[in-house]
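Examining the three-dimensional arrangement
Take a look at the letters that make up each chain.
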Amino acid sequence: MPELKEGCVKPARGPILPAPPPPVSGAIPSSQEVPMMLAKVGKEAIDFEATAFIEGVGFQPVKLSDYKGKWIVLCFYPGDFTFV
Amino acid sequence: MDVVVLAMSTDSRFVHKIWQEQELSKMVEGGVPFPMLSDAGGKVGTIYGVYDDAAGVDIRGRFIIDPDFVIRAMEVLTPEVGRNPAELVRQIKAFQHVRATGEVTPSGWEPGQVTLKPGPALVGRVWEVWKP
């Protein structure tokens with residue numbers, strides 16, 4: 001993958017969901033609002049894209065689905081330079 | 001175990017780089033080898049139910065995802081208490097065993113211990129085969 005073109009701000013992108021089915025003609029279009037929490041055990045993981053720092057590589061965009069087919073541990077934490 | 005680890009916080013990739021250089025590399029030789037992802041904006045934390053919008057950070061959540069992209073386990077803690085990697089490893093080994101064999105693993109199972117084979121013959125007889 002090519003090194004990320006550098007900019008100052010790069011928000012994460014997600015959820016990346018399959019395209020919704022085309023609306024039935026005459027139906028009132030439903031809200032496009034994304035539900036708050038989508039992740040559930042026993043259900044498919046929700047894909048996203050974010051920029052990463054990788055030791056020995058540098059900055060690179062990473063999609064969760066890049067690792068499909070492997071066991072993945074996705075670990076959130078409150079912040080760099082925190083204590084625990 | 002052949003597992004990919006992805007770490008994610010709301011810090012930018014720049015902060016991740018400096019944290020690795022200034023601190024993590026002094027705790028882990030060569031620094032942490034896994035990608036450190038930036039959830040700037042908290043969108044990913046929101047869909048995974050771990051984003052604290054008052055504090056603007058992702059709290060301690062971890063998810064085990066299998067090769068079919070199905071979430072098998074999640075654990076979420078408020079920030080004050082750190083995690084137990086041994087339990088994470090135990091759960092991954094148990095899920096990998098289940099996937100490979102179709103057997104199920106009782107409470108606290110470690111590799112090598114007895115597993116259970118669900119079926120009519122086992123109903124009411126777990127006590128005979130599993131003695132914790």
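**Describing the pairing of strand β1 (residues 3-9) of chain B**
The side chains of a regular strand alternate between both faces of the sheet. With five of its seven residues buried, β1(B) lies for the most part within the structure. Relative to β1(B), strand β4 (residues 71-76) of chain A is paired through six bridges, and the arrangement is parallel. Looking at the pairing, W71(A) lines up with V3(B) of β1(B). Across three bridges, the pairing between β1(B) and strand β2 (residues 36-38) of chain B is parallel. Within β2(B), the residue paired with M8(B) across the bridge is L37(B). As for the winding sense of the linkage, the β-α-β connection from β1(B) through helix α1 (residues 13-27) of chain B to β2(B) is right-handed.

**What to know about the interface of chain A and chain B**
Contacts between the two partners involve 48 residues from chain A and, on the opposite side, 62 residues from chain B. Summed over both sides, the interface of chain A with chain B buries roughly 5400 Å², with 67% coming from carbon and sulfur. Inspection of the region where chain A meets chain B yields zero salt bridges. Applying the counting criterion to the chain A and chain B interface returns 23 residue pairs in polar contact (both at pLDDT 80 or more). Listing elements by their share of the side of chain A that touches chain B, those giving two or more residues are β1 (13-16), β2 (47-54), β3 (58-63) and β4 of chain A.

**What to know about the pairing of strand β5 (residues 60-65) of chain B**
Residues and elements named next belong to chain B. Burial of β5 is extensive: six of the six residues sit out of reach of the surface. Every second residue of β5 is oriented toward a common face, with R60, R62 and I64 on one face and G61, F63 and I65 on the other, all of them buried. As defined by bridge partners, β5 adjoins strand β6 (residues 71-77) across six bridges and the pair is classed as antiparallel. For F63, the partnering residue across the bridge sits in β6 and is M74. Counting the residues between successive antiparallel strands, the hairpin from β5 to β6 contains five residues, one of them, F69, with a positive phi of roughly 75°.

**Notes on α1(B)**
Note that an α-helix has 3.6 residues per turn; residues three or four places apart therefore point the same way. Here α1(B) contains 15 residues, and its C-alpha end-to-end distance of 19 Å stays within 8% of the 21 Å for a straight helix at 1.5 Å per residue. Largest kink in α1(B): about 45°, centred on Q20(B). Within the span of α1(B), buried status applies to R13(B), H16(B), W19(B), Q20(B) and L24(B). Those residues of α1(B) that are buried lie in contact with β2 and β3 of chain A together with β1 and β2 of chain B.

Conventions and cut-offs
- Residues numbered from 1 in each chain as written.
- Chains lettered and ligands numbered in written order.
- Predicted model: local features only at pLDDT ≥ 70, side-chain atom pairs only at ≥ 80, totals over all residues.
- Heavy atoms only, no water.
- Buried < 20%, exposed > 50% of the residue type's maximum accessible area, 1.4 Å probe, protein only.
- Helix = DSSP H or I, 4+ residues; strand = E, 2+ residues; numbered from the N terminus.
- Pairing = 2+ DSSP bridges.
- Right-handed = clockwise from strand over helix to strand, strands pointing away.
- Contact = heavy atoms within 4.5 Å.
- Buried area = accessible area lost by both parts, 1.4 Å probe.
- Salt bridge = Lys/Arg side-chain N within 4 Å of Asp/Glu carboxyl O.
- Polar contact = N/O pair within 3.5 Å; in protein donor to acceptor, adjacent residues only side chain to side chain.
- Expected span 1.5 Å × (residues − 1).
- Bend = angle between axes of the 7 residues up to and from the residue.

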